[in-house]
Each structure stands twice: as structure tokens, then as C-alpha cells.
Amino acid sequence: MKNIGVSIIGSGSAIPKVFLDNQQLSQIVDTSDEWISSRTGISQRRLADTTESLCSLATQASLAAIGQANITAQDIDLIILATSTPDDLFGTASKIQGELGATKAVAFDLTAACSGFVFGLVTAAQFIRNGVYQNVLLIGADILSRWVDWEDRTTCVLFGDGAGAVVLQASESDRLLGFELRSDGSQNGCLNLSYQPQAKEIIEGVNVSQGTYQPISMNGKEVYRFAVQKVPEVIEKALFRANLDVEKVDWLLLHQANKRIIDAVANRLKIPSEKVISNLSNYGNTSAASIPLALDEAVRKGKVKSGDIIAASGFGAGLTWGAIIFEWSGIKLSQK
Ligand code: COA
């Protein structure tokens, strides 16, 4: 059987209208622009209001990606929505499918926190490689502001909302060059948005759990240590699988969590700052959206060009982390 390759042929993104800068945050909690900027590199973040939903942001990002890929919604075979903050715990991907009118597509949610987009790319690629699907829409979207404790200065300064999407397509040449995915559940307690059970007796002797999800809790120092150690390792492994030296990487595209993490990883890999894509300052940590959002901005600014090699890495709750090396295609292959 002929090998089927995978190419990423379009990107799109969407951000909420409202933004909140560090100065405004310092009116809510005991913090300062100086503290947030120097420790994280974040200046402002976008926040979804009640007129915006995960579905609306994701749909907007998807339409832009489909447009850039020069296909129609009816061409899509599969939609994967990477998110930890669906509008509906039963899943939001199908609603997006309905909004897009992607009548042929099957849709499902995938949850891997801030690694969701990278895990989603690898998942999407398998369906293309095995010949089942031709066009896959992958969305990374999160509205973490719903789940942030706005009185906790150790977490509320970090997060923001947004959505990004890409279209993957079967192609003769393979442009997804290598990947590595990892999880370590023994460190699960480092970063959580967890369900807190509360007993409710529905009839004598029968208790069910009717609790609520608790706001994001995090051991910042542990997460920082984990990211700085594990992300370079996983990128090196993915490069090894791609049979590429680090010098061949045109762009380092990390999950946008913290400028210090991005700088430390780039330093460890000896990747110069000119090759690092970062828009963290404007959006904060948008979880599963951060990589496709930064990618889309770089593509639309003409920074990332067809043929560029990108090393992308996501990391976060789970703990989960992963890297993928791909060559940006960005055009409909049949038109080449
Ligand atoms: N404003 C002002 N002061 C703050 C603050 C804020 N927003 N948040 C914490 N502080 C204070 C702490 O209370 C502490 O005060 P103390 O020394 O009087 O106890 C001091 O600043 C230092 O706190 P610490 O937690 O040691 O800071 P840090 O240098 O580790 O930086 C993070 C905190 C969160 C920026 C850093 O740990 C980090 O980036 N971790 C990774 C987080 C991440 O990326 N998570 C998502 C991964 S997907």
C-alpha cells in the first residue's frame, strides 16, 4: 500500500473582544504590572464575555482555517476539538460541526489540557495516514476565565481565552515529520481543575455525588521545573524521530505559558530568539488554543512560510507533554 502523507494546509484563530491588562488586574488582586511582566512576560489577556462561547470562538477560528485551506466545510471528514473547557460536558465538537455545516464530518472532543493541540495533531494524523479520512479540522480552544479564581493572584494573572484551528489534509509528501507524546499521572496534583464531590442522599441509603468543579489550582514552581526539564527532552526526541538536527528548525513554537519557560527551553536547545514564535504578551496562557493561535498569527504576518520547519511543543495538566515536528504547507496541495 502506498504511504499516505499529512500536510497542514490552513490555519485560523479567534479571540474575545474584551481585554484586561496587568494594570487592571492590579485593581482586582494584590499584584503589579512589574511583577506579572517580569515573572511571566504577560501584559494583557483576552476574556470571553457572556455573548461569547467556546463554540462561537472555535467556529470563527475554524471558518478562517477552512478559508485559508481553500476547502469547504462539506469537504471535512473529521473535526477534533481539543479543549478542557467545553460549553457542554457532553462535548462541544458536534455543535461546532453543526454551526459549520460540516455535514459529512464526525466530531469529538479531546482533553489533554495545554497539550491538547499537539495531542490532537498526532491523533488527527493517524486517521489520515491509515487512509480513512482526507480532510481533518483540528481546533484548540479554551475559556479558562470561567474556571479561574479571580481572587487568587497566583493563578488569575496567567490565563486568557482564545481559539485556533488548522486543517490537515492527506498528501503525497509527508510533512508531519516526527512526534513524541508523554504523560505522568503521578504528578497529577500539580495542576488541576477538578471535580469536588458532595454527597446527596436521593433516597435513604443511596448517596450520589452532586458536587462542582473547583477553580484552577496549581503548584507553579513544580510546573515550571517540569516544563523546563521535560519540554527540551521531548523536542529532542521528536527531532530524532524526524531525523533532523536542531539547526534545521526554522521556528520554535511552544505552548505560551510563560516567557521564562520559553526562553529556558530555547536556550537549552540552543535555538536563537529570532526563531522563537511568541504572542504570550498579548494573550497569556490560552491552554489548548495557544499553539494554533500563535501559529496563525505568524502565518498571517508572513513570518512562517511554506516549507518552514516548525518544532511545536505543548505541556501542562495531567501532567502531559508532547512535541511534533512539521513542515508548514499552508496551501492547497492540489493547486501546487
Ligand atoms: N503578584 C504579586 N506577587 C505574587 C503573585 C502576583 N500575581 N503571585 C505570587 N506572588 C508572590 C508570592 O506570594 C510570593 O510571595 P512571598 O515570597 O512573600 O511568599 C512571591 O510572589 C514569589 O512567589 P513564587 O510562587 O515563588 O513565584 P515564582 O517565581 O515561582 O513565579 C509563577 C510564579 C507562577 C509565575 C511561576 O512559578 C511559573 O511560571 N510557573 C509555571 C506556571 C505555568 O506556566 N502553568 C501553566 C502550565 S500549562
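Structural data are supplied above this passage.
Residues numbered from 1 in each chain as written. Predicted model: local features only at pLDDT ≥ 70, side-chain atom pairs only at ≥ 80, totals over all residues. Heavy atoms only, no water.

K.L.:
It is not clear to me how the overall build of the protein chain should be interpreted in this structure. Could you clarify?
P.N.:
Within the protein chain, the secondary structure is distributed over ten helices and 17 strands. Taking 2.2 N^0.38 as the reference for a compact globule, 336 residues should give roughly 20 Å; the C-alpha atoms of the protein chain span a radius of gyration of 20 Å, in line with that estimate. Each principal axis of the C-alpha distribution contributes one length, and for the protein chain these read about 60 × 50 × 40 Å. A total of 336 residues make up the protein chain; the buried ones form 53% of that total. The distance from the centre of the 30 positive side-chain charges to the centre of the 35 negative ones in the protein chain is 6 Å. (Helix = DSSP H or I, 4+ residues; strand = E, 2+ residues; numbered from the N terminus. Rg over C-alpha atoms; globule rule 2.2 N^0.38 Å. Buried < 20%, exposed > 50% of the residue type's maximum accessible area, 1.4 Å probe, protein only. Lys, Arg positive; Asp, Glu negative; His and termini not counted. Charge placed at Lys NZ, Arg CZ, Asp CG, Glu CD.)

K.L.:
What's the story with the environment of I325 in this structure? I'm lost.
P.N.:
Within the element layout of this structure, I325 appears in strand β17 (residues 320–327). It is 10.0 Å that separates the C-alpha atoms of I325 and W251, two residues lying 74 residues apart in sequence. Beyond its immediate chain neighbours, meaning those up to four positions away, I325 contacts R175, L176, L177, G178, I235, A238, L239, A242, L244, I309, I310 and A311. (Contact = heavy atoms within 4.5 Å.)

K.L.:
Looking at this structure, how should I read the site of the ligand?
P.N.:
For the ligand, the set of nearby residues contains 22 residues, the closest of which are T31, R39, R153, K221 and N258. Between the ligand and G220 there is a distance of 2.9 Å, counted from a nitrogen atom to a backbone nitrogen or oxygen. In this structure, N258 approaches the ligand through a side-chain N or O atom, which is 2.5 Å from an oxygen atom. Relative to its free-state accessible area of 960 Å², the ligand is covered by the protein chains to the extent of 73%. Counting only elements with at least two residues in the shell around the ligand, the list comes to α2 (33–40), α6 (153–156), α7 (220–242), α8 (259–269) and β16 (309–316). If one sorts the elements of the shell around the ligand by residue count, α7 sits on top with four residues. Considered class by class, the residues forming the shell around the ligand number nine nonpolar, eight polar and five charged. When residues of the shell around the ligand are assigned to domains, at least three map to each of domain 1 (5–175) and domain 2 (178–186 + 217–327). (Near = heavy atom within 4 Å. Polar contact = N/O pair within 3.5 Å; in protein donor to acceptor, adjacent residues only side chain to side chain. Areas by Shrake-Rupley, 256 points an atom, 1.4 Å probe, with all protein chains shown as cover. Nonpolar A, V, L, I, M, F, W, Y, C, P; charged D, E, K, R; others polar. Domains from an automatic or database assignment.)

K.L.:
How do you make sense of the packing of aromatic side chains when you look at a structure like this?
P.N.:
Two numbers describe a pair of aromatic rings. These are the distance of the centres and the angle of the planes. Applying the stated criterion across every chain, the model contains four aromatic pairs. Their ring planes at 70 degrees and their centres at 5.9 Å tell us that W147 and Y213 sit as a pair that is edge-to-face. Remark: Y213 occurs in strand β13 (residues 212–213) and W147 occurs in the loop between β6 (135–143) and α6; sequence separation between them is 66 residues. Pairwise contacts between aromatic rings join W147, Y195 and Y213 into one cluster. (Phe/Tyr/Trp six-rings, centres within 6.5 Å; stacked < 30°, edge-to-face > 60°.)

K.L.:
Please explain the pattern of salt bridges as it appears in this structure.
P.N.:
All told, the structure shown has nine salt bridges when counted by the stated rule. Where R153 meets D30, a salt bridge forms, and the shortest distance between an N and an O atom there is 3.7 Å. Linking R153 in helix α6 with D30 in the loop between α1 (22–25) and α2, this pair joins segments that are 123 residues apart in sequence. Classification of D30 as exposed rests on a relative accessible area of 64%. Note that D87 and R146 form a salt bridge whose closest N and O atoms lie 2.9 Å from each other. Of this pair, D87 sits in the loop between β4 (78–82) and α4 (93–100) while R146 is found in the loop between β6 and α6, placing the two residues 59 residues apart along the sequence. Residue D87 is classed as partly exposed on the basis of its relative accessible area of 34%. (Salt bridge = Lys/Arg side-chain N within 4 Å of Asp/Glu carboxyl O.)

K.L.:
Just checking my understanding: could you explain the sheet that holds strand β1 (residues 5–14) for this structure?
P.N.:
Strands belonging to one sheet form pairs held by backbone hydrogen bonds; the direction of such a pair is parallel or antiparallel. Strand order in the open sheet made by the five strands is β1-β7-β6-β4-β5, with mixed pairing throughout. At either end of the open sheet lies a strand with only one pairing partner, and these are β1 and β5 (106–110). Taken over all neighbouring pairs, the strand axes of this sheet differ in orientation by 20 degrees on average, direction set aside. Judged from the five bridges that link them, β4 and β6 form a sheet pairing that is parallel. Each residue of the ladder has a partner; that of I80, found in β6, is L138. (Pairing = 2+ DSSP bridges. Axes fitted to C-alpha atoms, helices over the stretch in contact; angles between N-to-C directions.)

K.L.:
What's the story with the sheet that holds β16 in this structure? I'm lost.
P.N.:
Strands sit in the order β8-β17-β16-β15 across an open sheet of four strands; the sheet is mixed. Among the strands making up the open sheet, the edge pair consists of β8 (176–183) and β15 (251–254). The mean angle between the axes of side-by-side strands here comes to 10 degrees, regardless of whether they run parallel or antiparallel.

K.L.:
What am I meant to see in the nonpolar core here?
P.N.:
The nonpolar side chains of a soluble globular protein tend to be buried with one another. Counting residues in each nonpolar core, the largest one holds 46 residues, and the members touching the most others are I235, L252 and F315. Within the residue set of this core, elements represented by two or more residues are α7, β15, α8, β16 and β17. By residue number, the principal contributor to this core is α7, which donates ten residues. Inspection of this core shows a minimum of three residues originating in each of domain 1 (5–175) and domain 2 (178–186 + 217–327). With near-sequence residues (within four places) excluded, F315 lies in contact with C114, S115, F226, A227, V231, H255, A257, I261, T320 and W321. Of all hydrophobic cores here, the second largest spans 36 residues; its members include L110, A170, I324 and W328. (Core = buried A, V, L, I, M, F, W, Y, C linked by side-chain atoms within 4.5 Å.)

K.L.:
Would you take a moment to explain the state of the cysteines for this structure?
P.N.:
Where two cysteines share a covalent bond between their sulfur atoms, that bond is called a disulfide. Counting across every chain of the model gives zero disulfides. Free cysteine: C114, not disulfide-bonded; nearest cysteine sulfur from C190 at 13 Å. On the basis of relative accessible area, C114 is assigned to the buried category, the value being 9%. (Disulfide = S-S within 2.5 Å.)

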